[in-house]
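Structural overview for review
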Amino acid sequence: MTDLKFDEKGLVTAIVTDSGTGELLMVAHMNAEAYAKTLETREAHFWSRSRQELWHKGATSGNTMLVKEVLVDCDKDAVWLKVEPAGPACHTGARSCFFTRVG
């Protein structure tokens, strides 16, 4: 496992894209446990800042994300997950969390 630089809250930013299309699906956060579980299971796990708990993406909705590739940025403070989504990424039901155009 790559030594990540977690922030003062013990988190790194996780950027998630579709491995097939390259589409940006979501941005979330990972703590050390979420990162380790993601590498171990090859399914996306995150840290929910609002619920203050580990979050297995799709555990309740079925919209899991099979992790095809994990990259860490040059500063080791952000993670890029390339995934094969089993459904919408957004809790609203949208394919991507980025669907609101402002400019």
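Residues numbered from 1 in each chain as written. Predicted model: local features only at pLDDT ≥ 70, side-chain atom pairs only at ≥ 80, totals over all residues. Heavy atoms only, no water.

Per an unreviewed UniProt entry, the recorded name for the protein is Phosphoribosyl-AMP cyclohydrolase, and the organism is Sphingosinicella xenopeptidilytica. On record in UniProt, under Catalytic activity (unreviewed entry), the comment for the protein is "1-(5-phospho-beta-D-ribosyl)-5'-AMP + H2O = 1-(5-phospho-beta-D-ribosyl)-5-[(5-phospho-beta-D-ribosylamino)methylideneamino]imidazole-4-carboxamide". A UniProt comment under Sequence similarities (unreviewed entry) is attached to the protein, and it reads "Belongs to the PRA-CH family." (UniProt positions renumbered as here; feature names shortened; annotations may be inferred.)

**Quick look at the packing of aromatic side chains**
Evaluation of the coordinates by the stated rule reveals one aromatic pair. When the centroid spacing of 5.1 Å and the interplanar angle of 45° are considered together, the rings of phenylalanine 46 and tryptophan 55 count as tilted. When the ring centre of tryptophan 80 is taken as reference, the NZ or CZ atom of lysine 82 above it lies at 4.4 Å. (Phe/Tyr/Trp six-rings, centres within 6.5 Å; stacked < 30°, edge-to-face > 60°. Lys NZ or Arg CZ within 6 Å of the ring centre and 35° of its normal.)

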